[in-house]
Amino acid sequence: MNSRLDKIVILDFGSQYSHLICRRIRDSNVFCEIYPYSISSDKLKNIAPKGIIFSGGPASVYDPNSPKPDKKVFDLGIPILGICYGHQLIIDNFKGKVKKSKTREYGKAILQIDDKTDLFKGLNDRLNCWMSHSDVAEEIPSNFRVLAHTNNSLSAAIGNQDKNFYGLQFHPEVIHTEHGLDILKNFSIGISKAEPNWTLESFIGNTISEIKKKVGKEKVLCAVSGGIDSTTVAVLLNQAISNNLECIFVNHGLLRYNEEKSVMSLFKKLDLNVKYVDASERFLQKLIGIIDPEEKRKIIGNEFINVFMEEVEKEGNQFQWLAQGTLYPDVIESGISMGPASVIKTHHNVGGLPEVLNLKVLEPLRYLYKDEVKRVAKMLDIPDDVIARHPFPGPGLAVRIIGEVNEDKIRIAKYASEIVEQELKNAGIYDSVWQAYAAVGDDKAVAVIGDERLYGYIVIIRVVNSKDAMTADWTKLPHELLEKISNKITNEVEGVAWVTYAISSKPPATIEPQ
Ligand code: XMP
C-alpha cells in the first residue's frame, strides 16, 4: 500500500470488533490497518501511523498473563485511543486502578458528555452508547480527566489531552453507539491529524501503477472463476499490464446452471482475454466412489492444481507471477492466538498453487474488505449482477452433493438451485440473503407423478442470512414461496420426489452440507 498514505493502526488484543473499527475508520476516508498487539514500538515507528488504537479484548488487565503492548509505544509521541480493554490498558499503564465490576455491563447506556473540546467535538450532550465489559476503572491515572460518564461508568471516557492519550469504556465502532463514527473521526482526523485521502479511486490508480512497477516486463498468470474477487483482480491487471497477462478459467464441471457460458461472455464484455479449459470429465472421474466430504475437497483442490500446471507447461512456463484475489480479513492474523483451530472444512480455491508453480504472488486486493471490493468492481464497470451474485464455493456443487458426486446428482443440484435462485429473484428476496441453493444426497422417497410411482431423490433447499459466513441463520421464507419452489422443482427436475427446507442455523450446522 502507498506508504505516503496517512494511516491509523489498530493493535489487536483479540477483539471480535477489530475489523469493524478498521472499516469504520476507513469509512471516513482514513486508511487503517490492523497489527498484532505484540508489535514492537520500533516497527510501529517505521510504519509511522498518525494515530494508534488499542482494541478491546477478552482478557483482564490485572491477570498476570494478559496481553500488553510494548511500553515504549507510549513514548512515540503518537496519539493513542484505547477501546474497552484498550481503555483499561491505558489506565493500568499510567498507574490507575482497574477492578472487576460487581455487575457485567452489557447493552445500551446513556453517555453524558463532560468535555467537548476534542474527542466529542460537535456532538450532543447526551448520546446512546454500547457497553460490553466486566472490568471498570476504579481510579483514573493522574494527568487524565473524565471526558464522559454513564450511570455505571463514572469514567466512561478519559483523556490526557497534553499527550493525546484517550480511553473509551464503550464501543464507538458498533452501530448502537450514536455518532460512534464521529467519535472515531474526531480521533483520527481531529486529534491524530490524519489526512482523509483514502479513497477507492486513489486505490485503483495506485494499485495499477504499483502492478506496473512490480511486474515490469514479466508475465502474470491469473486464475479466474467469474466471481467478484478474481474478476476484479483480472480487470485491474488488464488495465495495468494487459500484454503480459494470461487468465485461465477452469471448468471443473461443478458450476452453477449455464455458468461457464455466462462467465465467458462476462470476460468478453470486460475485454479480458481468458483461456477456457473444460476439465469437467477428469474431475468427475476422480470423484467416482468418493463419499467423504474432506476427501472430495482434497481431490478437487489437487486436480485443480494438476490442470493448472499442465496449462502452464503448455504455455511454455513463461510466467513469473500468479495473481490471487486474497482479501484483507484473510491476511490479518489476530493479535491473540486462539490455538490451533481444528479444521472444519478445507477451503480450496487456488490454495497451494504459488508454491507448486514456484511463482511470485500478486495480491492487489490484500488491503481491501469485501464491501470495498464491491465498490471497486462497480468503478471498474463490472456488471451489477456479478457484484450482487451470492458467494459460490471453490469446489462448487461438490459441497452441495451429499455422498458420491455423479452426473445425475450434479444435474439435480444444478437445476434445482437455479429454480431456488430465480424464484428468490422473482420475489425480490435474492439480494437480501447470503446464499440460496438446493442440495441433494442419496436419500430417496416415494412420489406419485401423474399416475406413475416415482422413487426419487429428496432435495434440500438451503437459504441463509449471514453477515460474514462465520454465523448464519436460516431464512424464514414465506410458506407460499417455499411451496412454489417445491412445486417447480418436482415438476421440472426429473427424478426429484420430495423437497425439504433446511432449518439449521450455523452454528451448529455449517452453511454448505459437505
Ligand atoms: P460453511 O459451509 O463452512 O461455509 O459454513 C461458509 C462460507 O464459505 C463458503 N465455502 C467456500 N468458499 N471455497 C470457498 O471459496 C470453499 O472450499 C468453500 N467451502 C464453503 C460457503 O459457500 C459459505 O459462503
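Please refer to the structure higher up on the page.
Residues numbered from 1 in each chain as written. Predicted model: local features only at pLDDT ≥ 70, side-chain atom pairs only at ≥ 80, totals over all residues. Heavy atoms only, no water.

Enquirer: Can you lay out the packing of helix α6 (residues 228-241) against helix α12 (residues 370-379) for me, pointing to particular residues and giving the numbers?
Expert: Taken N-terminus to C-terminus, the directions of α6 and α12 make an angle of 50 degrees; their axes are 10 Å apart at the nearest point. When the interaxial angle is binned, α6 and α12 end up oblique. When you trace α6 past α12, the crossing you get is left-handed. Every residue of α12 that contacts α6 at Ile228, Asp229 and Thr232 is listed here: Lys370, Val373, Lys374, Val376 and Ala377. (Axes fitted to C-alpha atoms, helices over the stretch in contact; angles between N-to-C directions. Helix = DSSP H or I, 4+ residues; strand = E, 2+ residues; numbered from the N terminus. Parallel < 35°, antiparallel > 145°, perpendicular 65-115°, else oblique. Left-handed = near helix turned anticlockwise from the far one by under 90°. Contact = heavy atoms within 4.5 Å.)

Enquirer: Tell me about helix α7 (residues 259-269), residues and numbers included.
Expert: Listing the buried residues of α7 in full gives Glu259, Val263, Leu266 and Phe267. Buried residues in α7, looked at end-on, bunch into an arc of 100 degrees, giving them a common side. The exposed set on the far side of α7, more than 90 degrees from its buried face, consists of Lys261, Lys268 and Lys269. Where the residues of α7 are buried, they touch α6, β11 (245-251), β12 (274-278) and α13 (384-388). Among the residues trailing α7, Asp271 stands out with phi positive, at a value near 65 degrees. (Buried < 20%, exposed > 50% of the residue type's maximum accessible area, 1.4 Å probe, protein only. Arc of directions from axis to C-beta.)

Enquirer: Please give an account of the site of the ligand that cites residues and values.
Expert: Contacts to the ligand come from 15 residues, most closely from Lys345, Gln435, Lys506, Ile511 and Glu512. Gly394 is positioned such that a nitrogen or oxygen atom in its backbone is 3.2 Å from a nitrogen atom of the ligand. One of the backbone N or O atoms of Ile511 is found 2.7 Å from an oxygen atom in the ligand. When the free accessible area of the ligand is taken as 500 Å², the share hidden by the protein chains comes to 89%. (Near = heavy atom within 4 Å. Polar contact = N/O pair within 3.5 Å; in protein donor to acceptor, adjacent residues only side chain to side chain. Areas by Shrake-Rupley, 256 points an atom, 1.4 Å probe, with all protein chains shown as cover.)

Enquirer: Describe the sheet that holds β11, and please don't skip the residues or the numbers.
Expert: Across the sheet, which stays open at both edges, the five strands sit in the order β12-β11-β10-β13-β14 with parallel pairing between neighbours. Of all the strands in the sheet, just β12 and β14 (360-362) have a single pairing partner and so form its edges. Across the sheet, the axes of successive neighbouring strands diverge by a mean angle of 30 degrees, strand direction being ignored. Of the strands in this sheet, β11 and β12 are in contact with α7, which crosses β11 at around 170 degrees. (Pairing = 2+ DSSP bridges.)

Enquirer: So what about the pairing of strand β10 (residues 220-223)? Which residues, and what values?
Expert: Covered by surrounding structure in β10 are Val220 and Cys222 together with Leu221 and Ala223, the residues of both alternating faces. As judged from the four bridges shared by β10 and β11, these two strands associate in the parallel manner. Pairing of Ala223 across the sheet is with Ile248, part of β11. A crossover connection joins β10 to the parallel β11 through α6; in handedness this β-α-β unit is right-handed. Bridging between β10 and strand β13 (residues 321-323) involves three bridges; their strand directions are parallel. Residue pairing in the sheet places Cys222 in a bridge with Ala323 of β13. (Right-handed = clockwise from strand over helix to strand, strands pointing away.)

Enquirer: Give a description of unusual backbone geometry that names residues and reports values.
Expert: Each neighbour pair has its own omega, and for Lys506 with Pro507 the value is -10 degrees, a cis peptide bond. Within the fold, Pro507 resides in the segment after β18 (496-501). For the bond running from Pro507 to Pro508, omega is 5 degrees, close enough to zero to count as cis. Checked against the element boundaries, Pro508 lands in the segment after β18. Even without glycine at this site, Asn143 takes up a positive phi of about 75 degrees. Residue classification places Asn143 among the exposed residues on the basis of a relative accessible area of 62%. With phi around 60 degrees, Lys193 is a residue other than glycine that occupies positive phi space.

Enquirer: Tell me about the nonpolar core, and name the residues and values.
Expert: Grouped together as the largest cluster of nonpolar side chains are 52 residues, with contacts concentrated most on Phe308, Val420, Leu424, Val463 and Ile489. Composition of this core by domain shows at least three residues from each of domain 2 (200-388) and domain 3 (406-501). For Phe308, the contacting residues outside a window of four places in its chain are Leu221, Ala223, Ile248, Val250, Leu322, Leu353 and Leu357. Counting 43 residues, the second largest nonpolar core, distinct from the first, contains Ile211, Val220, Leu272 and Val373. (Core = buried A, V, L, I, M, F, W, Y, C linked by side-chain atoms within 4.5 Å. Domains from an automatic or database assignment.)

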